[in-house]
Amino acid sequence: MDSRLYWIWLQAAVPLGHRAAGRILEDGRRPEAIHAAGENELAAMGLAGLPGLLDKQLDGAADTLRRACAGKDWVLTPDDAAYPQRLREIAGPPLALFCRGDAPDWQERPAFGLVGTRRATDGGKRNAACLAAGLAAGGMIVVSGGAVGIDGAAHFGAVRAGGVTVVVMACPVTGTYPEENEELRREIVASGGLLLSEFPPGRAAKCDFHVRNRLISGLSVGVCLGETPERSGSLITGTLARDQGRDVYAMPGDLQTGRNGGAHQQIRSGAVLVTRAEEILEDYQERFPGLLDLQAAAKAQEAMSAFCRRQMNGRARQAPEAGKRRAARERRDDEPRPLPAGASAQAAALHALLKAEPAQADTLAETAGLPLSQALAALTELELLGAARGYPGRRYGL
């Protein structure tokens with residue numbers, strides 16, 4: 001029988017991050033043997049106190065395996081050559097990883113983690129994108145958590161530099177968190193990157209960032225903290241990295257607002273201050289001879305910096321005109337608007353409710369006193385008449 005089935009069963013039976021998973025791999029235990037073992041045998045293996053191991057049903061694991069291999073998704077287990085060796089070294093390694101995309105050559109190439117706050121400033125995101133671009137172009141695999149803010153900027157920088165990036169997700173790879181980065185995730189997979197998660201597809205799973213963070217540091221030879229406040233969850237990744245024997249770096253930031261206070265605290269505690277990708281790559285040249293290119297890193301970081309400056313200048317030029325348009329829209333928002341010719345009565349009722357700021361379709365339907373199905377049909381009618389615009393999440397505006 002497919003060994004992946006037993007690894008999936010075993011991962012469901014052993015809490016994620018539990019040290020028992022490390023003992024299983026260290027002792028070379030086969031999941032099939034653990035599945036066949038009774039209570040006394042499990043105790044002899046050092047696996048007592050895990051009641052999930054006594055449930056021998058495989059139906060759930062079979063369903064997970066089927067879902068996990070739908071389309072181009074796949075499952076990675078410790079039996080596979082592509083299973084990262086660095087993950088075998090951590091205390092609670094994953095026993096099954098659910099993947100979308102291409103597995104990088106992380107047995108040969110160094111992976112490096114870059115994390116930070118979700119509530120990042122524009123400057124913090126620019127710094128992260130530039131550093132990630134340099135690391136990726138210089139030969140490293142950029143690893144982060146796929147969140148908005150610093151994580152998203154790191155993945156974006158790596159992709160734009162033509163490098164490889166890995167998203168360690170805190171939910172299933174079939175999930176949509178965060179929705180803002182859905183297009184970025186598609187770009188990552190299309191460019192040869194990878195999405196991976198311990199959480200099986202097809203199951204509702206609340207995002208668990210603490211469990212996820214140990215994999216970001218575990219996959220990596222080192223971790224850099226981008227913009228990180230004093231109470232940021234990214235500090236947990238830095239602590240885990242130290243516990244796992246990984247190197248810890250941190251980027252300096254604004255001294256006045258405290259938005260980077262956590263990273264500065266890490267620097268005081270021994271993290272290496274870093275401002276450019278070459279400074280990190282230099283530390284690993286001897287360990288990975290012939291694989292890291294400092295010149296390519298410098299060029300990519302400068303190119304990303306120039307790109308960010310162009311983006312900033314473009315936004316600055318557009319801001320005054322955009323402000324005028326926004327003010328004009330706000331002035332018009334409560335003014336009567338002519339109804340497009342030929343609109344139905346339902347469309348007319350909804351058109352009177354629309355504003356520049358999009359609203360949920362079910363809210364509009366309830367306000368107009370219409371069933372949702374009729375409201376959606378009328379909103380589509382208004383879109384075809386050029387009088388409404390649809391937005392993601394069933395939202396509509398003028």
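Residues numbered from 1 in each chain as written. Predicted model: local features only at pLDDT ≥ 70, side-chain atom pairs only at ≥ 80, totals over all residues. Heavy atoms only, no water.

Asker: I tried to follow the overall build of the protein on my own but got confused; where do I start?
Answerer: Each helix and strand in the protein was counted, giving 17 helices and twelve strands. Residue burial in the protein is summarised as follows: out of 398 residues, 47% are buried. Sequence separation of 24 or more characterises 69% of the internal contacts of the protein that already satisfy a separation of 6 or more. When the accessible area of the protein is evaluated, it comes to approximately 19,300 Å², of which 50% is carbon and sulfur surface. (Helix = DSSP H or I, 4+ residues; strand = E, 2+ residues; numbered from the N terminus. Buried < 20%, exposed > 50% of the residue type's maximum accessible area, 1.4 Å probe, protein only. Contact = heavy atoms within 4.5 Å. Areas by Shrake-Rupley, 256 points an atom, 1.4 Å probe, with all protein chains shown as cover.)

Asker: Whenever I open this one, the packing of aromatic side chains confuses me. Can you help?
Answerer: The geometry of two aromatic rings is summed up by the distance between their centres and the angle between their planes. All told, the structure shown has four aromatic pairs when counted by the stated rule. Among the aromatic residues, ring-to-ring pairing joins F112, Y249 and Y284 into one connected group. The positively charged end of R118 is found above the aromatic ring belonging to F209, 4.9 Å away from the centroid. Seen from the ring of F307, R160 lies directly overhead, with NZ or CZ sitting 3.8 Å from the centre. (Phe/Tyr/Trp six-rings, centres within 6.5 Å; stacked < 30°, edge-to-face > 60°. Lys NZ or Arg CZ within 6 Å of the ring centre and 35° of its normal.)

Asker: Teacher, can you tell me more about the sheet that holds strand 8 (residues 247-250) here?
Answerer: Ordered in space as 1-2-6-5-4-3-7-8-9, the nine strands form an open sheet in which the pairing is mixed. Here the strands that pair on one side only, and so sit at the sheet edges, are strand 1 (73-76) and strand 9 (272-273). Examined bridge by bridge, strand 3 (residues 111-115) and strand 7 (residues 222-225) share four bridges and lie parallel to one another. Looking across to strand 7, one finds that V115 is bridged to L225. (Pairing = 2+ DSSP bridges.)

Asker: I tried to follow the nonpolar core on my own but got confused; where do I start?
Answerer: Soluble globular proteins tend to bury their nonpolar side chains together. With 54 residues, the main nonpolar core has L10, I34, L53 and L196 as its most contacted residues. Among the elements that take part in this core, helix 1 (residues 3-13) stands out by supplying seven residues, more than any other. Sequence-distant contacts of I34, defined by excluding residues within four places in its chain, comprise W9, L10, I24, R29, L42, M45, L47, L53 and K56. Listed in part, the 33 residues of the second largest apolar core include Y249, Y284, L294 and A297. (Core = buried A, V, L, I, M, F, W, Y, C linked by side-chain atoms within 4.5 Å.)

Asker: Got a minute to help me understand the pairing of strand 2 (residues 97-101) in this structure?
Answerer: Across a regular strand the side chains alternate sides, sitting on one face of the sheet and then on the other. In terms of residue burial, strand 2 counts as a mostly covered element, since four of its five residues are buried. In this sheet, strand 2 lies alongside strand 1 in antiparallel orientation, the contact comprising four bridges. Across the sheet, the residue bridging to L76 is L97, located in strand 2.

Asker: What is the right way to read the packing of helix 7 (residues 122-137) against helix 13 (residues 277-284) from this model?
Answerer: Axes are the key here: two packed helices are described by the angle between their axes and the distance separating the axes. Running from N to C, helix 7 and helix 13 point in directions that differ by 35°, and their axes come no closer than 8 Å. Note that helix 7 runs across helix 13; the crossing there is right-handed. On helix 13, the residues that touch L131, G134 and L135 of helix 7 are A277, I280 and L281. (Axes fitted to C-alpha atoms, helices over the stretch in contact; angles between N-to-C directions. Left-handed = near helix turned anticlockwise from the far one by under 90°.)

Asker: Would you take a moment to explain unusual backbone geometry for this structure?
Answerer: It is generally the case that most residues other than glycine have a negative phi and that most peptide bonds are trans. Between Y177 and the following residue, P178, the backbone shows a cis peptide bond with an omega angle of -15°. By the secondary structure assignment, P178 is in the loop between strand 5 (165-168) and helix 9 (182-190).

Asker: Can you walk me through the pattern of salt bridges in this structure?
Answerer: When the charged atoms of two side chains with opposite charge come close together, those side chains can pair. The full count for this structure, using the stated rule, is 13 salt bridges. Put simply, R100 and D73 hold a salt bridge, and the shortest N to O gap is 2.8 Å. One end of the pair, R100, is in strand 2; the other, D73, is in strand 1, with 27 residues separating them in the sequence. Using a relative accessible area of 12% as the deciding quantity, one classes D73 as buried. Between D122 and K125 there is a salt bridge, and its shortest N-O distance comes to 3.9 Å. Within this pair, D122 and its partner K125 are both found in helix 7, separated by three residues, close to a single helical turn. (Salt bridge = Lys/Arg side-chain N within 4 Å of Asp/Glu carboxyl O.)

Asker: Can you walk me through helix 9 in this structure?
Answerer: For an α-helix, 3.6 residues make a turn, and residues three or four places apart therefore share a direction. Listing the buried residues of helix 9 in full gives L184, R185 and I188. For helix 9, the arc enclosing every buried residue in end-on projection is 100°, short of the 170-degree limit, so these residues lie on one face. Against helix 8 (150-160), strand 5 and strand 6 (194-197) lie the buried residues of helix 9. Once helix 9 finishes, G192 follows within two positions and takes phi at roughly 95°, a positive value. (Arc of directions from axis to C-beta.)

Asker: Is there a simple way to think about the state of the cysteines in this case?
Answerer: Here a disulfide denotes one covalent bond, and it connects the sulfur atoms of two cysteines. Under the definition given, this model contains zero disulfides. C130 takes part in no disulfide bond, and the closest cysteine sulfur to it belongs to C308, at a distance of 4.5 Å. With relative accessibility at 9%, the residue C308 sits in the buried group. (Disulfide = S-S within 2.5 Å.)

Asker: I'm lost on a negative patch on the surface in this one. Help?
Answerer: There is a patch of like negative charges on the surface, built from D247, E279, E282 and D283. For the negative patch, the element with the highest residue contribution is helix 13, accounting for three residues. Among the secondary structure elements, E279 is positioned in helix 13. Since its relative accessible area comes to 30%, E279 is described here as partly exposed. (Patch = residues over 30% accessible without salt bridge, like charges linked within 9 Å, V, L, I, M, F, W, Y side chains within 5 Å. Lys, Arg positive; Asp, Glu negative; His and termini not counted. Charge placed at Lys NZ, Arg CZ, Asp CG, Glu CD.)

Asker: Would you take a moment to explain the sheet that holds strand 12 (residues 395-397) for this structure?
Answerer: Strand pairing in a sheet relies on backbone hydrogen bonds. The paired strands run either parallel or antiparallel. An order of 10-12-11 is seen for the three strands of this open sheet, with the pairing classed as antiparallel. Each edge of the open sheet is held by one strand with a lone partner, namely strand 10 (359-360) and strand 11 (389-391). In this sheet, strand 12 lies alongside strand 10 in antiparallel orientation, the contact comprising two bridges. In the strand pairing of strand 12, A359 is matched with Y396.

Asker: Quick question: what am I supposed to make of the confidence of the model for the protein here?
Answerer: Low-pLDDT stretches of the model should not have their predicted coordinates read in fine detail. With 90% of its residues at a pLDDT of 70 or more, the protein shows a mean pLDDT of 89. Contacts for the low-pLDDT stretch residues 329-336, under 50 throughout, to residues beyond four places or in other chains number five contacts. (pLDDT = per-residue confidence, 0-100.)

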